[in-house]
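Examining the three-dimensional arrangement
The primary structure of each chain is shown beneath.
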Amino acid sequence: MRKVLLTLLVVFSMVTFAFSADTIKIGVQAPITGKFASEGQGIDNAVRLWVEQVNAKGGLLGKKIEVITCDDEATAVKAAICARELVNKGVIAVIGSYTSTATEAAQATYFRAGVLQTSDGTSDTLVKHGYWTFFRNSSPNSAEGEFTAEFFMKFKKYKRIATISDYSTFSVDLEKAVYENTKKLGGNIVYRAKIKSGDQNFTPVLTKIKSYNPDVIYFSGYYTDGGLIVAQMRQLGIKADFVGGDSNDNKEFVKLAGSAAVGAYIINVPLPQYLPYDIAKKFLADYRAKYNEDPPSIWTLFNVDGLRAILHAIEVLKTTDTKKIADYLHNDLKNFPGITGPITWDKRGERVTSAYMAYEIQPDGEYKIVYPTK
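Keep in mind it's a predicted model, so treat the numbers as computed, not measured.

1. Points about the pattern of salt bridges
Applying the stated criterion to the full structure yields 14 salt bridges. For Asp327, the salt bridge goes to Lys323, with nearest N and O atoms at 3.2 Å. Within this pair, Asp327 and its partner Lys323 are both found in helix α12 (residues 322–331), separated by 4 residues, close to a single helical turn. Given a relative accessible area of 33%, Asp327 falls into the partly exposed group. Taking the relative accessible area as the measure of exposure, Lys323 reaches 37% and is therefore partly exposed.

2. Focus: the sheet that holds strand β5 (residues 134–136)
The strand order β2-β1-β3-β4-β5 describes an open sheet built from 5 strands, whose pairing is parallel. Each edge of the open sheet is held by one strand with a lone partner, namely β2 (64–71) and β5. Across the sheet, the axes of successive neighbouring strands diverge by a mean angle of 20°, strand direction being ignored. In this sheet, strand β3 (residues 93–95) lies alongside strand β1 (residues 23–30) in parallel orientation, the contact comprising 3 bridges. By the bridge assignment, Gly27 is partnered in β3 with Val94. Together, β1, β3, β4 (116–119) and β5 form the strand contacts of helix α4 (residues 100–113), whose direction differs from that of β4 by roughly 165°. Strand contacts of helix α11 (residues 298–317): β1, β2, β3 and β4, with the helix running at about 145° to β4, the strand carrying the most contacts.

3. Considerations on the confidence of the model for the chain
For the chain, per-residue confidence averages 93 on the pLDDT scale, and 94% of positions sit at 70 or higher. Throughout residues 13–20 the model reports pLDDT below 50, and contacts reaching past four residues in sequence, or to other chains, amount to 14 contacts.

4. Section: the state of the cysteines
As enumerated under the stated definition, the model contains 1 disulfide in all. Paired by a disulfide, Cys70 and Cys82 hold their sulfur atoms 2.1 Å apart. Disulfide Cys70 to Cys82: torsion about the S-S bond roughly -80°, handedness left-handed. On the criterion of sequence distance, the pair formed by Cys70 in strand β2 and Cys82 in helix α3 (residues 76–88) is long-range, its members being 12 residues apart. No difference in accessibility class separates Cys70 from Cys82, as the two residues are buried.

5. Some details on the packing of aromatic side chains
Tallied over the entire structure, the rule returns 24 aromatic pairs. Ring geometry for Tyr274 against Tyr359: centres 5.9 Å apart, planes inclined by 5°, an arrangement best described as stacked. Taken together, the positions of Tyr274 in the loop between β10 (265–268) and α10 (278–291) and Tyr359 in strand β13 (residues 357–361) put the pair 85 residues apart, joining distant regions of the chain. Connected via pairs of aromatic rings, a cluster forms that spans Phe147, Phe151, Phe152, Phe155, Tyr158, Tyr218, Tyr265, Tyr356 and Tyr371.

6. Some words on the pairing of β4
A regular strand places its side chains so that they alternate between the two faces of the sheet. Here β4 shows two buried faces, one formed by Leu116 and Thr118 and the other by Gln117 and Ser119. In this fold, the crossover linking β3 to β4 by way of α4 has right-handed handedness. Where β4 and β5 come together, 3 bridges link them in parallel fashion. Note that in β5 the partner of Gln117 across the bridge is Phe134.

7. Side note on the packing of α3 against α4
Two elements in contact, α3 and α4, have axes whose closest approach is 8 Å; the angle formed by their N-to-C orientations is 30°. For the element pair α3 / α4, the angle class is roughly parallel. You can see that α3 and α4 cross each other, and the crossing is right-handed. Of α4, the residues touching α3 (which contributes Ala76, Ala79, Ala80, Cys82, Ala83, Arg84, Leu86 and Val87) are Thr101, Ala102, Ala105, Ala106, Thr109, Tyr110 and Ala113. In the contact of α3 with α4, the residues fall into 12 nonpolar, 2 polar and 1 charged.

8. Quick look at the sheet that holds strand β8 (residues 216–219)
If you walk across this open sheet you meet the 7 strands as β7-β6-β8-β9-β10-β13-β14, and the pairing is mixed. With one partner strand each, in any of the chains shown, β7 (189–194) and β14 (367–371) form the two edges of the open sheet. With strand direction ignored, the average angle separating the axes of adjacent strands in the sheet is 25°. With 4 bridges joining them, β8 and strand β9 (residues 241–244) adopt parallel strand pairing. Along β9, the bridge assignment pairs Ile217 with Phe242.

9. Observations concerning the side chain of Gln117
Its place among the elements puts Gln117 in strand β4. For Gln117, the side chain forms a polar contact with the main-chain oxygen of Thr103, separated by 3.4 Å. Setting aside anything within four residues of it in sequence, one finds Gln117 in contact with Val94, Gly96, Ser97, Thr103, Ala106, Gln107, Tyr110, Thr133, Phe134 and Phe135.

Reading the values: the criteria
Residues numbered from 1 in each chain as written. Predicted model: local features only at pLDDT ≥ 70, side-chain atom pairs only at ≥ 80, totals over all residues. Heavy atoms only, no water. Salt bridge = Lys/Arg side-chain N within 4 Å of Asp/Glu carboxyl O. Helix = DSSP H or I, 4+ residues; strand = E, 2+ residues; numbered from the N terminus. Buried < 20%, exposed > 50% of the residue type's maximum accessible area, 1.4 Å probe, protein only. Pairing = 2+ DSSP bridges. Axes fitted to C-alpha atoms, helices over the stretch in contact; angles between N-to-C directions. Contact = heavy atoms within 4.5 Å. pLDDT = per-residue confidence, 0-100. Disulfide = S-S within 2.5 Å. Phe/Tyr/Trp six-rings, centres within 6.5 Å; stacked < 30°, edge-to-face > 60°. Right-handed = clockwise from strand over helix to strand, strands pointing away. Parallel < 35°, antiparallel > 145°, perpendicular 65-115°, else oblique. Left-handed = near helix turned anticlockwise from the far one by under 90°. Nonpolar A, V, L, I, M, F, W, Y, C, P; charged D, E, K, R; others polar. Polar contact = N/O pair within 3.5 Å; in protein donor to acceptor, adjacent residues only side chain to side chain.

If you want it as structure tokens, here you go:
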């Protein structure tokens, strides 16, 4: 009992310190290094840019906002360490992480400390724990699975479909959603394969898939593997279409795939350049001016929108009490004008889903919307 009371006292002291400090501390948990460094650095850059702009206008509640970043390297072990580190440093909210695996590994720590967490992680398991501290700022795998199945069956009318996933929480969850929804529409899944992310050589599994003569190979993993899969498909003479899930949407995908990227399809929500909102156009221009490049993907903007919603709640409520902020975000925030579109969360912290699109990669590396057709 004495240990329990001591633990509670320490947590209470950390949270109280966060609320009474001279600065409002916001954490970023993201893969700053490692194979997803492009995405992690984009998230960190976007958060710091937005905070810089808020601080230039006087900050919030008469305080400056301080950003503290922890590199989780997209691994569960490092994510758990980051969560403890950021809590100990007195953050009231954490933006991240990029992957569902790293996000989930940190959730319980933030929940126990009463620290808010908003992430672009799409795995459906993220909202099933019931943590009042968690808010997903992107659409779930279940919604993407439904859209992808419609693309397969209603638009492309594929007869023979093969799927590939890696072993990550996100990839397994997304492939399952695509599989189940495709089966509901009468689709013929001829083979379901698994790869170890980062293997580099995927020809053994692709050779196995080739024997099933699929019309399409769908990959639910990340761009670092997806680009290589496409390139190796073409080297093996596989003429099937390639369709990649949302985490293949990164400028590095085209670099890794080379000329094989042409004609590949990517499923995702509207890309940054297609966002019709004035706030999106301004932020993209500001990002380019600051960093001399575009954000690596839409995930950068999803994460900064999570930050923006939390800061908006603080401004409206005039408090950094995270329980009051969470209650406001769950119940009162309706159609907040986000960079990625209107933001509303349900009582589970699930963002009301936005529309998906299917893009075809063109010879110049640009994306063309092919579905929906209007």
